[in-house]
Amino acid sequence: MKAQLWIEFKVPQEFLAPFPGMVEIVNGDGPHKLAGSRIAIRSPGLAIDAGFMDSVGPRLQLLPMPGAGLDHIDIPAASERGILVCNNPEAPCESTAEHTVGLLLAVAKRIVSGDRQLQAGAVDRASLVGSELRGRTLGVLGYGRIGRRVAEICTVGLKMKALVHGPRLRPGSPLGEGIAIASSLDSVFEQADVVTLHMPLSAETRHLVRERQLRLMKRGSYLINTSRGAVVDEDALIRVLQEGHLAGAGLDVFDPDPPAGDNPLLHMPNVVATPHIAPFTDESFRAMWSGVARQTGQLLRGERPDNLANPEVWPGRSWPG
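The following paragraphs examine the structure supplied in this document. (Residues numbered from 1 in each chain as written. Predicted model: local features only at pLDDT ≥ 70, side-chain atom pairs only at ≥ 80, totals over all residues. Heavy atoms only, no water.)

### Brief notes about unusual backbone geometry
Excluding glycine, a negative phi dihedral is what most residues carry, and trans is how most peptide bonds are arranged.
Right, on to step 1. That bond from D255 to P256 is cis: its omega, 0 degrees, falls within 30 degrees of zero.
Right, on to step 2. On the secondary structure map, P256 appears in the loop between β11 (246-251) and β12 (271-273).
Right, on to step 3. For the peptide bond that leads from D257 to P258, omega is 10 degrees, which places it in the cis range.
Right, on to step 4. At K159, a position not held by glycine, the phi torsion is positive, near 60 degrees.
Right, on to step 5. You can see K159 is positioned in the loop between α5 (145-157) and β7 (161-165).
Right, on to step 6. For H276, which is not glycine, the phi torsion reads 55 degrees and is therefore positive. (Helix = DSSP H or I, 4+ residues; strand = E, 2+ residues; numbered from the N terminus.)

Here it is as structure tokens:
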């Protein structure tokens, strides 16, 4: 009997090309075919909790995430059941980093506001005065794969300076030219002209950026978030933007995500908002699904899958056949 891989949402066949011969793919047929799957992938952002795992049944061995985020998965519940959880953090890195810089340029150069005004036939040129970025300081919170790449693009390409902060950074850590380690979290907000967020959502990072931190920022500075919406206290962000303390924000994520239609952030001229599409490129999707295919093959061959979030569970529950 061939193992079943259940995917809740439709995935173009080109991205499923690495799978033939390994598994029977149930792709986008809804929850009625979920039971009995050996591998399961939910729609992005939907909770994978104990109830979901139990609804799949005792054959479930692997929950592979095409991208990097794991905050929607109850990993302790998976570990308790012997279910392996893994992700593919490298796959969306370049796409997300480029999207971050795109948001920064769009908001600093008033690109979206200019486009809207021009299409409406009512251009107020005085409201479209933006900011040059050369020589400005970029504050990077979360200096992992994406944060490093954003800092590289901005320091090398835009000639900005970068001040970085992350739990794994230590004095003497190798850094590129123009990049320095911040002495504290507060110092990033105090010194940076732009703060960009690149950390996973956890109990420690939820609402890490509160009103206090936002008011530490220089008047006329910018906030960019392509990590998770709940890292920022959204009500506080709305207040400082409405007051004009921040010049603008570039946001790909919200709290909740997707945002309600009446969220003020969607209607501010100094906010550029995108619908959680930072990883949305052909190259990123291909890399994400290739990663899932590799991890699936590893599981089926009795090998330890890459990027396990709960390695202590390996080899996990046995498949009843």
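### Let's talk about the pattern of salt bridges
Right, on to step 1. For the structure on display, the rule yields 14 salt bridges.
Right, on to step 2. With its nearest N and O atoms 2.9 Å apart, the salt bridge here joins E211 to R215. Linking E211 with R215, this pair stays in helix α7 (residues 211-216), spanning 4 residues, or about one helical turn.
Right, on to step 3. Taking relative accessible area as the criterion, E211 reaches 23% and is therefore assigned partly exposed.
Right, on to step 4. A residue is classified by how much of its surface remains accessible, and R215, at 34% relative accessible area, is partly exposed.
Right, on to step 5. As a salt-bridge pair, E211 and R239 come within 2.5 Å of each other at their nearest N and O atoms. Here E211, found in helix α7, pairs with R239, found in helix α8 (residues 234-242); they are 28 residues apart in sequence, far enough to count as distant. (Salt bridge = Lys/Arg side-chain N within 4 Å of Asp/Glu carboxyl O. Buried < 20%, exposed > 50% of the residue type's maximum accessible area, 1.4 Å probe, protein only.)

### Quick notes on the sheet that holds strand β9 (residues 194-197)
Right, on to step 1. Spatially, β8-β7-β6-β9-β10-β11-β12 is the arrangement adopted by the 7 strands of the open sheet, whose pairing is parallel. Among the strands making up the open sheet, the edge pair consists of β8 (179-181) and β12. Each strand of the sheet is rotated relative to its neighbour by a mean of 15 degrees, with strand direction disregarded.
Right, on to step 2. In terms of strand pairing, β9 meets strand β10 (residues 221-225) through 4 bridges, oriented parallel. Bridge assignment links T196 to a residue of β10, and that residue is I224. (Pairing = 2+ DSSP bridges. Axes fitted to C-alpha atoms, helices over the stretch in contact; angles between N-to-C directions.)

### Digging into the nonpolar core
As a rule of thumb, nonpolar side chains are buried together in soluble globular proteins.
Right, on to step 1. Counting residues in each nonpolar core, the largest one holds 29 residues, and the members touching the most others are V195, L197, L214, L237 and L265.
Right, on to step 2. Here this core gets 5 residues from one element, more than from any other, and that element is α8.
Right, on to step 3. The residues contacting L197, other than those within four sequence positions of it, are L141, V209, L223, I224, N225, T226, S227, V231 and V232.
Right, on to step 4. Counting residues in each nonpolar core, the second largest holds 24 residues, with A108, V140, L169 and V194 among its members. (Core = buried A, V, L, I, M, F, W, Y, C linked by side-chain atoms within 4.5 Å. Contact = heavy atoms within 4.5 Å.)

### What to know about α8
Right, on to step 1. Residues E234, A236, L237, I238, V240 and L241 constitute the buried set of α8.
Right, on to step 2. With a side-chain oxygen positioned 3.2 Å from the backbone nitrogen of D235, the residue opening α8 is D233.
Right, on to step 3. At the exit of α8 stands G244, carrying a positive phi of roughly 85 degrees. (Polar contact = N/O pair within 3.5 Å; in protein donor to acceptor, adjacent residues only side chain to side chain.)

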